[in-house]
Amino acid sequence: MDFFAQQARVRGSSRRLVVLFVLAVVAIVAAIDAVVWLTMGHHAADGEPVASNLPLLFASSVAIIAGIGLCSLFRIMSLSGGGKAVAESVGAVPVPPDTRDPQLRRLRNVIEEVAIAAGVPVPDIYLMADEPGINAFAAGYSASDAVVCVTRGCLDKLSRDELQGVIAHEFSHVLNGDMRLNIRLMGLLFGILVLAIAGRRVIWFGGSGNRRGGGQVWLIGLALIVVGYIGYFFGRLIQAAVARSRESLADASAVQFTRQTDGIAGALKKIAILAEGSTLQVANKQEVAHMLFGEAGTFNALFATHPPLLQRIRALEPGFREEELASLAASLQRPTETAPTVPVAGKPAATQGAVPGMAMPPVLPTVLAGAAVVGSTASAPRFQRAASVRQAMPPALAGAVQQPESALAVMLALATSTEAALQPAQRRIVADAFGDDVLQTVQTFSGEVAQLPPIARLPLASMAFPALKQLSEGRQQTLLVALDALVKADGRVDLNEYCLARLLRLQLREASQPRRAPVDGLKKLPACRDSLILVCTVVASGGCSDEASARRAWLVAMQQAFPGEAIEWAPPPAAWQAPFERALDDLDGLLPVAKELVIQSLVSAIHADGAVSVEEAELLRVICASLHCPLPM
C-alpha cells in the first residue's frame, strides 16, 4: 500500500479538521454573543449614555471558547490510555492470550499473522461480545499502543478469509496514522456537545424559583441548547466527511495489503444482506462511528461515516450487481459447520475461502530454516509466510510469550546468544537484575531459543509485546537495562541482539506514554543528510562480508537518495549504536514523502548484492519501527 501518500492525506485531513472546527467554534461564539447581547446587553436609559457591550461580549466569548476547549481537552485526556481506553468505553473486553475458544483462537491467529507481515507489534485484542452485527475498529495513538476490537458478529458470521480482510482494513488505519485523528475527533465533538448539556443545566437553574433575571438566564440556556446541537450537527458532518474519505482508502489499502478482494468484499456483502448488518447496540456508538469498519446504524446520508455498501463492493468488484445480493442471502440460509464464505463472481465456489493466507509480495524474501536468503518471487504469499513463521515457533515458546513473566524470560533468552547455554557474564547480568529463579527459567528457554529459526526471532518478540506491556514500569525498565547489558556482555555488538533491544525499548516506551507517540515530521531530506548517510552505512556494513561490497551497496543507496552528489564513503565508527539511534530519531522528523525515499534507498542497498540476510531483514524492521513506517513490500 502507498503508506506515505496516505500519511500525506491524513495530514491534510487533520488540517481541514482544525480549520473546520475553528470555523464552527467561531460561529458558535458569535451566535451565543448575539443572544447574550439581546438578553443582557446594556440599553440606554432616559438621559443616560449607552454603556459599552464590549466587556460583556468579551467575557461571553472567553467563557464559550474556554468551555469548548477544556471539555475537548478533558475528553482527549480521558482517552490518554490510548486504544485500551477507547475499547473499554464501548464495553469491549480483552481476549485472553491463552483462550481455548476456537473462534477467539482463530481471531488471534489472524491478527498475529497480519502483525508479523506488517512488521508491527501484535496489538491488544478486544471483543464486543454482545454485538451481533459485523463490525470492528482499531484505536490508539501509535502501532505500539493499538488495539483491534471486533464484534461477536465477526466471529460468528465471517470465514477466515473474510475476517482477514476486515483485520487488514483495520491494520491499514494503524499503519496510515488514522488512529490519532480518530481520538481527536472524539474529543472535539464532545467539546461542542457539552454546550447543549450546559444549556439544559442553565435552563434548570433559571427555571427553578423566582430569581430575578430568571427569564434572561432561561433564554441563554435555550440558546446554548440550540447552538450546541447545531454545532454538534455540523461537527457530525465534519466527522462523517473525514471518515468517508479514509474508509475508501482503507478498503483499497486492505486489498493491496492482502493481494485479494474476496475477503473484504465477502464481509461487505454479508453486512448488506444480514439483518444485523454492521449495526452496534452500545449507547455511545456515535462516538466511535468514524473509526468502525461499517456503519454503526442507519443514518441519513449526510451523517454516514462510510460510503454506501454497494459503492464499496463495486470498487472491489466492478461487475457486481445489486440483484446478486438476493441469491447470496439465500445461500447463507443453508446450514454450515463453519462461517460461510460469500461466493465471488467468476470463481468456482470450491476455490473460494480455501487459502488461509492470501498471496502478497514479500517484505523481504525469507527461508525459515536458514540464516540468509537469496532471491525473491513476486507471488510469495506474505500472510502464508507470516503464518509459517508463527507455526514454526516451538509450542513452549509460543505459550510462554502469552504471560508477562515468562515472556520476560523468553526475551532475555533471545538476547543472550544463539547458543543453548548462557555464558558466565550473561548469567551474572540476569541473576543481578531478576534473581536466580528468573535465571533458571531463562536457561530453560535458551535451548528452545537456540533451535528457533533466525527469521522468527523478532516476530516472537512481536507476539510477546502484549504480555510485556502488562509488566510494571519498573520491571520493564529493568528488562531494557538488562537487554542492553546482554548486548555488550561479550565485548561485541551482535546485530540480532541489538535489534531486539532497540525494538523493545522503542515500543515499550511508546506504549507506556501513548499520547507522546511521535507525529509526522516537517523536515526535508537535505536537513537529515548526515543521518541518512550514517544509517545507510550501518545497513550496508551489516549486510556485507567485506568493506568493498559494503561500499558498493552504500553507493547504490546514496545515488537513490542524493543523485549526482559526490559523497565520500567512511566505515561506521566502532561505537556506532548511539550515533545510529540519534540518526534514526533525526530521520523520524522527516516528512512522509522524505521517509519514503529513505526506505527506498535502504531497500536498494540491501538488495545490491542480490541476497538478503536475516540481519539485514531485522535491521530494516527496526529502522521502519523507528521511523513509524510499515515494512516495505
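All values reported here derive from a predicted model rather than from experimental measurement. Numbers given to residues run from 1 along each chain, matching the order in which its sequence is written. At least 70 in pLDDT is required for a residue's local features to be given in this predicted model, at least 80 for side-chain atom pairs to be given and counted, and no such filter applies to totals for whole chains, interfaces and linings, which use all residues. For the side-chain quantities, the full set of heavy atoms in the structure was used; hydrogens and water were omitted.

J.: Requested: an account of the overall build of the protein chain, with residues and values cited.
T.: When its secondary structure is counted, the protein chain shows 24 helices and 6 strands. The proportion of buried residues among the 633 residues of the protein chain is 56%. In this description, contact between two residues means that some pair of their heavy atoms is separated by no more than 4.5 Å. The contacts of the protein chain with a sequence gap of at least 6 include a subset with a gap of at least 24, amounting to 76%. Per-residue and other accessible areas were derived by the Shrake-Rupley procedure at a 1.4 Å probe size, with only the shown protein chains allowed to occlude residues. Accessible area of the protein chain: about 26,400 Å², with a carbon and sulfur share of 60%. The helix count covers DSSP runs of H or I at least four residues long, the strand count covers runs of E at least two residues long, and both are numbered beginning at the N terminus. Any residue under 20% of the maximum accessible area for its type is buried, any over 50% is exposed, and the rest in between are partly exposed; the area is computed with a 1.4 Å probe on protein chains only.

J.: Give a detailed account of the pairing of strand E4 (residues 147–151), specifying residues and quantitative values.
T.: Across the 5 residues that make up E4, a large majority, 5, are buried. Side-chain alternation along E4 places Val 147, Cys 149 and Thr 151 on one buried face and Val 148 and Val 150 on a second face that is also buried. In short, DSSP must find at least two bridges between two strands for them to pair. Pairing between strand E2 (residues 124–128) and E4: 5 bridges, direction parallel. Bridged to Asp 124 within E4 is Val 147. Note: strand E3 (residues 136–139) against E4, 4 bridges, orientation antiparallel. Within the sheet, the bridge partner assigned to Ala 139 lies in E4 and is Val 147.

J.: I'd like to hear about the pattern of salt bridges, residue by residue, with values.
T.: The working definition used for a salt bridge is a side-chain nitrogen of Lys or Arg within 4 Å of a carboxyl oxygen of Asp or Glu. Counted according to the given criterion, the structure contains 17 salt bridges. Put simply, Lys 269 and Glu 317 hold a salt bridge, and the shortest N to O gap is 3.0 Å. A residue pair is termed long-range when its members are at least 10 positions apart, and Lys 269 in helix H9 (residues 262–273) and Glu 317 in the loop between helix H10 (309–316) and helix H11 (324–332) qualify at 48 residues. In this pair, the class of Lys 269 matches that of Glu 317, namely buried. The network of salt bridges with common partners includes Asp 484, Arg 502, Arg 505, Glu 581 and Asp 585.

J.: If you had to explain the packing of helix H21 (residues 547–561) against helix H23 (residues 592–606) to someone new, which residues and values would you point to?
T.: All axes are obtained by fitting lines to C-alpha atoms, using only the stretch in contact for helices, and the reported angles, taken between N-to-C directions, cover 0 to 180 degrees. For the pair H21 and H23, interaxial distance at closest approach is 8 Å and the crossing angle is 155°. Classified by the angle their axes make, H21 and H23 are roughly antiparallel. Relative to H23, the crossing made by H21 is right-handed. Two secondary-structure elements touch here, H21 through Ala 553, Val 556, Ala 557, Gln 560 and Ala 561 and H23 through Leu 597, Gln 600, Ser 601, Ser 604 and Ala 605. In terms of residue class, the contact of H21 with H23 is made up of 6 nonpolar, 4 polar and no charged. For classification purposes, an angle smaller than 35 degrees is called roughly parallel, one larger than 145 roughly antiparallel, one from 65 to 115 roughly perpendicular, and anything else oblique. Should the near helix be turned anticlockwise from the far one by less than a right angle, the crossing is termed left-handed; should it be turned clockwise, right-handed. Under the convention adopted here, Pro, Cys and the residues Ala, Val, Leu, Ile, Met, Phe, Trp and Tyr are nonpolar, Asp, Glu, Lys and Arg are charged, and Gly plus all remaining residues are polar.

J.: Can you lay out the environment of Val 535 for me, pointing to particular residues and giving the numbers?
T.: Looking at the element boundaries, Val 535 is found in helix H20 (residues 529–543). In this structure, Val 535 is in contact with Phe 580, Ala 583, Leu 584, Leu 587, Leu 602 and Ile 623, ignoring residues within four places of it in sequence.

J.: If you had to explain the confidence of the model for the protein chain to someone new, which residues and values would you point to?
T.: Residue-level confidence of the predictor is summarised by pLDDT, bounded by 0 at the bottom and 100 at the top. Of the residues in the protein chain, 82% reach a pLDDT of 70 or more, and the chain-wide mean stands at 80. Below a pLDDT of 50 lies the segment residues 336–341, which in the model reaches 16 contacts outside its immediate sequence neighbourhood of four places, other chains included. A low-confidence stretch, residues 343–380 (pLDDT under 50), is modelled with 100 contacts involving residues beyond four sequence positions or located in other chains.

J.: An account of the sheet that holds strand E1 (residues 93–94) is needed here, citing residue identities and associated values.
T.: The strands making up a sheet associate through backbone hydrogen bonding, with each pair oriented either parallel or antiparallel. Spatial strand order, E1-E2-E4-E3: 4 strands in an open sheet with mixed pairing. Strands with a single pairing partner mark the edges of an open sheet, and in this sheet they are E1 and E3. Helix-sheet contacts for helix H6 (residues 160–176) involve E3 and E4, and the interaxial angle to E3 is about 25°.

J.: Explain the nonpolar core to me, using residue names and the numbers behind them.
T.: One broad rule of soluble globular proteins: the nonpolar side chains tend to lie buried together. Nine residue types can take part in a nonpolar core, namely buried Ala, Val, Leu, Ile, Met, Phe, Trp, Tyr and Cys, and a core is a set of them joined through side-chain atoms within 4.5 Å. Core analysis: the biggest nonpolar cluster contains 142 residues, and Ile 167, Met 411 and Leu 412 have the highest contact counts within it. Among the elements that make up this core, the one with the highest residue count is helix H19 (residues 495–512) (10 residues). Residue contacts for Ile 167: discarding those within four places in its chain leaves Leu 107, Val 110, Ile 111, Val 114, Val 148 and Val 150. One finds Leu 79, Cys 149, Val 282 and Ala 296 within the second-largest nonpolar core, a separate group that totals 23 residues.

J.: Talk me through the side chain of Glu 618; I want residue IDs and the actual numbers.
T.: Looking at where Glu 618 falls in the secondary structure, it is placed in helix H24 (residues 614–626). We note that Glu 618 is buried and unpaired, the nearest opposite charge coming from Arg 457 at a distance of 4.1 Å. Discounting chain neighbours no more than four positions away, the residues touching Glu 618 are Pro 454, Arg 457, Leu 458, Asn 496 and Cys 499. When charges are counted, Lys and Arg contribute as positive and Asp and Glu as negative, whereas His and the chain ends are disregarded.

J.: Break down unusual backbone geometry for me, with residues and values.
T.: Its identity is not glycine, yet His 628 carries a phi of approximately 55°, on the positive side. With respect to the secondary-structure elements, His 628 resides in the segment after H24.

J.: Provide a residue-level description of the pairing of E2, including the pertinent values.
T.: Of all 5 residues in E2, 5 are buried; the element is thus mostly enclosed. Side chains of E2 alternate between two faces, with Asp 124, Tyr 126 and Met 128 and Ile 125 and Leu 127 buried alike. In this sheet, E2 lies alongside E1 in antiparallel orientation, the contact comprising 2 bridges. Across the sheet, the residue bridging to Pro 94 is Tyr 126, located in E2.

J.: Could you give an account of a nonpolar patch on the surface, with specific residues and numbers?
T.: Judged by side-chain polarity, Trp 218, Leu 219, Leu 222, Val 226, Ile 230, Phe 233 and Phe 234 come together as a nonpolar surface patch covering roughly 600 Å² of accessible area. Note that Ile 230 resides in helix H8 (residues 214–258). Like charges within 9 Å and nonpolar side chains (Val, Leu, Ile, Met, Phe, Trp, Tyr) within 5 Å are joined into patches, using only residues over 30% in relative accessible area that form no salt bridge.

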